[in-house]
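Here's the letter readout for the chains.
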Amino acid sequence: METFYVTTPIYYANSLPHLGHLYTMVVADTIARRKRQQGIKTYFLTGTDEHGINIERAAKRSGRTPQEQADYVVGYYKQMTAQFGLDTAHGGYDIFMRTTAPFHYQGVAEFWRRVAAAKTPKGNDALYKGHYEGWFCAACAAYKTEDEYVKAESAEGPPRCLIHETPLDSVSEESYFFRLSDYDEVLLALYNSRPDFVRPESRKNEVASFVRSGLQDLSVSRLRSSVSWGIPVPDDSSHTMYVWFDALTNYITAIGFGNEERQQAVGFEKFWPALHLVGKDILRFHAVYWPALLMAAGVEQPLGIVAHGMWLDPNGRKMSKTLGNTIELDVLGRHFSVDAIRYFCLRDMVFGQDGRFGYEGLIDRANSDLASGLGNLSSRTLTMIARYCAGRVPSGEIADDNLLQAKRTGIDTDETAIASFIEHARDEFLIYCDNFAFSRALEIIWSIIARADKMISDAKPWDLAKDENQLQTLGAVLYRAAETLRWLCVLLYPIMPGASQNIYRQLGMVGSLAAIDPAGLRWRGLAAGTQVGEIGPVFPRIDKNKTMDEIRSATATSGTHVTEADAVAGSLTAKENAPAPPLTGATEADAIVGVASFIEIGDFAKVDLRVGQVISAERIPKADKLLLLSIDIGEDKPRQVLAGIAQYYEAENLLGRKVVVVANLKPRKLRGYESQGMVVAASYGEEGRPVIATFTEDVPNGARLK
Ligand code: MSP
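*Asks:* It is not clear to me how the overall build of the protein should be interpreted in this structure. Could you clarify?
*Replies:* Scanning the protein from terminus to terminus reveals 26 helices and 27 strands. The C-alpha atoms of the protein give 30 Å as radius of gyration, which agrees with the globular expectation for 706 residues (27 Å, within 12%). By its C-alpha atoms, the protein is 100 × 70 × 50 Å across when sized along the principal axes. Buried residues in the protein amount to 55% of all 706 residues. A sequence separation of at least 24 residues applies to 74% of the contacts in the protein between residues at least 6 apart.

This is the structure in structure tokens:
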């Protein structure tokens, strides 16, 4: 029997899911449903990545043990997957994988041993013990090279991650290394020999050029004394495995690698290799590290790695919890149907590219494409069958005598035309779907809807019904519309399972769409005389103003873990509902400094803080983060100040803004520009989001802050 295995990344168990996580699951779920419709035995994995320093820290911050932290987040994920119809009960995933599962420990240990015993393609030991010296970003769970961080402003401070902007951890300790540097040629050969191995093509080129630029050996363990929350290295329990070594391996341990029980329950040989669906943010781990590790362990390569783009906010910033610009799933789920969300995600995001998410866009699409488009076609067709044909699908045949009259209404009396149009559209749709071009695929579907709508508007069934001589034409129009609807249900099922099944039922069809292969659809498969079911709205129209007001007031009070936690139906204790302590920076050391040390008033007086006003602001070419500001602080000339806020503030929005400037900071050069001071800003969250300090009352430039 043909089988298929699709995976999402397993998500970090340190924070709660948002739209970005939901998106990957929706795509994987769509792919899985499409395969299942084809009769292919499909296994769909999602889950959580539960080890590592970041989870350890998140647990500490919220007063939980790491295991409690993981359980807490998993509870939320499970609730979310059920709410959005992605769990097993709704025909979604087959396993919610957790890296704390005992069988996973067993499988990973086996994988490690295999790598440890392997030789590289260049004949060296694949694993060796050495010393790691460098910087590590806990949020990325990745070691960072010089081009992946920004140096600290002060000489002593740690550099900051370019992605998260959080301070990096300094690591200097004994470590096991995987000799990745020996795998460059074999990896390039792999990408060459299998053009579809990494998709889309543009991402493959990025990956290949990363490999060509030279690979460094990968530190794959930490001393247990530094990171204890992880899987022990076999035969050396003073080391904990690097979390990515453990996490990537989940894809094979889930189906039985290294564990007899899972092997019996699922079957490694039956399902491997998998198609890995990932965000482009973690492509390197999947397309470089993972294939090399698999080669070392002697395991077959994945079927492919498909990278999608990122959801950005309407201003083009990447969504993240700490920026407060994530789309909260409880808000989303309260205002929109699961199918509208799925449709929007797949239609609006050109797969592989980044997409901007705005609620207005979702409402517009839900109203125009779903309520006025598919929903309207369905309700008008079924209502007319109920009204003009006593609720039974007409035969749609036109006797020769009536052909001429029928032609006058504009309908194509040769039914093969519509049949071949829809068959051709179906074939195109399936090709696009199988190449992950969901947006294009949906355009095709909407061209089918447009054609059916036009046929109805041109033929005007409500007039035909008044003319005894046109009853066959009326029947032909309604049969074609109803048969088109049936096709649409089958085609759209993987994308909108609930709505498609609902329309299918209203059409009087029984059985599940989950097992109907669209390739087998034939025109006239809908039997004349079929009694239509109870007709009801599928996509109610959304009142844009009212919904936007509700969303605005909901998001004004949410965005914290408290409101999200509230949504986990009644399962939380008071402690879990308590607000998380403020995130003061990624390292534990930072937090301690904040509490323990005091300064004298004289120390504070050393800092010359002045009121200033932004006179001009502009971006600096090739520096994503920096704005070049000119600030009037009451001196003869404005000060030139560089501020690392470009990702959060548009230059033009700062003009005229009152700010606080550290006026006696030693000038320093950044990117060739001298910065003559510093703008004071709050910094919060793991990503250190800056919020510029300002005044609500009028205050002259140059006034001193005391
Ligand atoms: N734990 C690792 C993955 C290990 S897989 C062996 C990890 N976890 S994560 O929680 O950070 O999830 C990253 C994934 O979540 C992305 O690759 C993507 O699938 C999804 N997304 C998170 N934010 C996203 C957007 N803003 N937009 C789209 N998808 C996003 O990395």
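*Asks:* Before we go on, may I ask you to explain the packing of aromatic side chains in this structure?
*Replies:* Geometrically, a pair of aromatic rings is defined through the distance of the ring centres and the angle of the planes. Within this structure, the stated rule accounts for 35 aromatic pairs. With a centroid separation of 6.2 Å and an interplanar angle of 10 degrees, the aromatic rings of Phe-336 and Tyr-359 are classed as stacked. Of the two residues, Phe-336 is situated in the loop between helix H12 (329-335) and helix H13 (338-348) and Tyr-359 in helix H14 (residues 359-388); the sequence distance between them amounts to 23 residues. A relative accessible area of 6% means that Phe-336 is categorised as buried. An aromatic cluster is present here, built from Tyr-5, Tyr-43, Phe-111, Trp-112, Tyr-176, Phe-245, Tyr-251, Phe-257, Phe-268, Phe-271, Trp-272 and Trp-290 joined pairwise through their rings. Geometry around Tyr-72 places Arg-64 over its ring, the cationic atom sitting 3.8 Å from the centre. We note Arg-222 situated over the ring of Phe-136; from NZ or CZ to the ring centre the distance is 5.4 Å.

*Asks:* I would appreciate a short explanation of the site of the ligand in the present structure.
*Replies:* The immediate surroundings of the ligand are formed by 22 residues, with Ile-10, Thr-24, Asp-49, Asp-281 and Trp-311 found nearest. Between the ligand and Thr-24, the relevant distance is 2.6 Å, taken from an oxygen atom to a side-chain nitrogen or oxygen of the residue. Note that a nitrogen atom of the ligand is positioned 2.8 Å from one of the backbone N or O atoms of Trp-311. When the ligand sits alone it has 670 Å² of accessible area, and the protein chains cover 94% of it. For the shell around the ligand, the elements supplying multiple residues, two or more each, are strand S1 (3-12), helix H1 (19-37) and helix H7 (243-248). Considering each element in turn, the shell around the ligand owes the most residues, four residues, to S1. When its residues are assigned to classes, the shell around the ligand shows 12 nonpolar, eight polar and two charged.

*Asks:* Hey, could you run me through the pattern of salt bridges in this one?
*Replies:* Two side chains that carry opposite charge are able to pair once their charged atoms sit near each other. Across all of its chains, the model carries 36 salt bridges by this definition. As a salt-bridge pair, Arg-347 and Glu-443 come within 3.8 Å of each other at their nearest N and O atoms. In this pair, Arg-347 is assigned in helix H13 and Glu-443 in helix H17 (residues 438-459), connecting sequence segments 96 residues apart. By relative accessible area, Arg-347 is classed as buried at 16%. Overall, Glu-443 belongs to the partly exposed group, its relative accessible area being 38%. Through salt bridges with shared partners, a single network forms among Asp-29, Arg-33 and Arg-342.

Conventions used here
Residues numbered from 1 in each chain as written. Predicted model: local features only at pLDDT ≥ 70, side-chain atom pairs only at ≥ 80, totals over all residues. Heavy atoms only, no water. Helix = DSSP H or I, 4+ residues; strand = E, 2+ residues; numbered from the N terminus. Rg over C-alpha atoms; globule rule 2.2 N^0.38 Å. Buried < 20%, exposed > 50% of the residue type's maximum accessible area, 1.4 Å probe, protein only. Contact = heavy atoms within 4.5 Å. Phe/Tyr/Trp six-rings, centres within 6.5 Å; stacked < 30°, edge-to-face > 60°. Lys NZ or Arg CZ within 6 Å of the ring centre and 35° of its normal. Near = heavy atom within 4 Å. Polar contact = N/O pair within 3.5 Å; in protein donor to acceptor, adjacent residues only side chain to side chain. Areas by Shrake-Rupley, 256 points an atom, 1.4 Å probe, with all protein chains shown as cover. Nonpolar A, V, L, I, M, F, W, Y, C, P; charged D, E, K, R; others polar. Salt bridge = Lys/Arg side-chain N within 4 Å of Asp/Glu carboxyl O.

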